[in-house]
Amino acid sequence: DGGITQSPKYLFRKEGQNVTLSCEQNLNHDAMYWYRQDPGQGLRLIYYSQIVNDFQKGDIAEGYSVSREKKESFPLTVTSAQKNPTAFYLCATSDRGTGELFFGEGSRLTVL
Amino acid sequence: AQSVTQLGSHVSVSEGALVLLRCNYSSSVPPYLFWYVQYPNQGLQLLLKYTSAATLVKGINGFEAEFKKSETSFHLTKPSAHMSDAAEYFCAVSGTSYGKLTFGQGTILTVHP
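To start, this report covers the structure provided alongside it. A quick note: this is a predicted structure, and the numbers were derived from the prediction, not measured.

## Quick notes on the state of the cysteines
Residue and element names in this part refer to chain A.
And step 1. Taken as a whole and judged by the stated rule, the model has two disulfides over all chains.
And step 2. Here Cys-23 is linked by a disulfide to Cys-91, with a sulfur-sulfur distance of 1.9 Å. Of note, the bridge from Cys-23 to Cys-91 carries an S-S torsion of about -70° and is left-handed in sense. Residue Cys-23 is located in strand E3 (residues 19-25), and its partner Cys-91 is located in strand E9 (residues 87-94); the two are separated by 68 residues in the primary sequence.
And step 3. Classification of Cys-23 as buried rests on a relative accessible area of 0%.
And step 4. Looking at Cys-91, the relative accessible area reads 0%, which means it is buried.

## Focus on the nonpolar core
A general tendency of soluble globular proteins is for nonpolar side chains to be buried together.
And step 1. Grouped together as the largest cluster of nonpolar side chains are 26 residues, with contacts concentrated most on B:Trp35, B:Leu47, B:Leu48, B:Phe74, B:Leu76 and B:Tyr89.
And step 2. Counting 20 residues, the second-largest nonpolar core is a separate cluster that includes A:Met32, A:Ile46, A:Leu76 and A:Cys91.

## Examining the environment of B:Lys58
All names here are of chain B.
And step 1. Note on placement: Lys-58 falls in strand E6 (residues 56-58).
And step 2. Considering only alpha carbons, one finds Lys-58 and Leu-47, eleven residues apart in sequence, at a separation of 8.7 Å.
And step 3. If we ignore the near neighbours within four places in the chain, the residues touching Lys-58 are Leu-48, Phe-63 and Glu-64.
And step 4. A distance of 2.8 Å separates a polar atom in the side chain of Lys-58 from a polar atom in the side chain of Glu-64.

## A closer look at the sheet that holds E3(A)
Residue and element names in this part refer to chain A.
And step 1. The sheet built from four strands is open, its strands ordered E1-E3-E8-E7 with antiparallel pairing. Sheet topology places strand E1 (4-7) and strand E7 (64-66) at the edges, where each strand pairs with a single neighbour. Direction aside, the axes of adjacent strands within the sheet are offset by 20° on average.
And step 2. By the bridge criterion, three bridges tie E3 to strand E8 (residues 76-78) in an arrangement that is antiparallel. Paired with Val-19 across the two strands is Val-78, which belongs to E8.

## A few points about the environment of A:Tyr48
And step 1. The topology assignment puts A:Tyr48 in strand E5 (residues 43-51).
And step 2. For A:Tyr48, a relative accessible area of 13% gives the class buried.
And step 3. Spatially, the C-alpha atom of A:Tyr48 lies 20 Å from that of A:Thr86, the residues being 38 residues apart in sequence.
And step 4. With residues near it in sequence (within four places) discarded, A:Tyr48 still touches A:Met32, A:Tyr33, A:Phe55, A:Gln56, A:Lys57, A:Phe74 and B:Lys100.

## Overview of unusual backbone geometry
And step 1. Backbone torsion omega between A:Ser7 and A:Pro8 reads -10°, so that peptide bond is classified as cis.
And step 2. Mapping A:Pro8 onto the fold places it in the loop between E1 and strand E2 (10-13).
And step 3. Unlike most non-glycine residues, B:Thr72 shows phi in positive territory, near 45°.
And step 4. Of note, B:Thr72 is situated in the loop between strand E7 (64-68) and strand E8 (73-78).

Reading the values: the criteria
Residues numbered from 1 in each chain as written. Chains lettered and ligands numbered in written order. Predicted model: local features only at pLDDT ≥ 70, side-chain atom pairs only at ≥ 80, totals over all residues. Heavy atoms only, no water. Disulfide = S-S within 2.5 Å. Helix = DSSP H or I, 4+ residues; strand = E, 2+ residues; numbered from the N terminus. Buried < 20%, exposed > 50% of the residue type's maximum accessible area, 1.4 Å probe, protein only. Core = buried A, V, L, I, M, F, W, Y, C linked by side-chain atoms within 4.5 Å. Contact = heavy atoms within 4.5 Å. Polar contact = N/O pair within 3.5 Å; in protein donor to acceptor, adjacent residues only side chain to side chain. Pairing = 2+ DSSP bridges. Axes fitted to C-alpha atoms, helices over the stretch in contact; angles between N-to-C directions.

By themselves, these observations are geometric and do not establish any function.
Okay, structure coming up:
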């Protein structure tokens, strides 16, 4: 089945802990993105990568880190430096020429 | 640079009534425009997209949107609302055919029986 798999779907974290969210795709898309969603604020871009071993900061990168060692994978680490990490995190991919984003099912992170 | 404004964070309609969700954009280049739908605790699903072909774009589930350059608008409509249309809707803009999208704040659509 082609698609984007995010895991875990729900995650709880204590303050001061780092946590890594997984995003895997088998659509063979070059570009991958991480968005953060908060109620009433739409989606805000955290990081994106258009090619393996390269990535760029989005609008709200502080307190987050990413890697892109494989085309299929784009994990996001929420570090202890992120002051308000509780949110819904969405991974997306895009292919050249279509412009549209394809989304995973999301991961909901709650900091206790 | 691009930006999107969705007018109305909540819209409520009766089943069978017209659905109108408003979106205005700002873009320094000819835009690519999108409408997405999101059901609770799920990812976003593409409803339709405008990529400089026909100005009236038809999407899935009976939705359509019209690109009006003079008004910088891309409003989403559906002639007759269904209970299953209740969800959150996002308008998005991009300046290229391959790149990051900028999203609006979202509009929650409620459909009453």
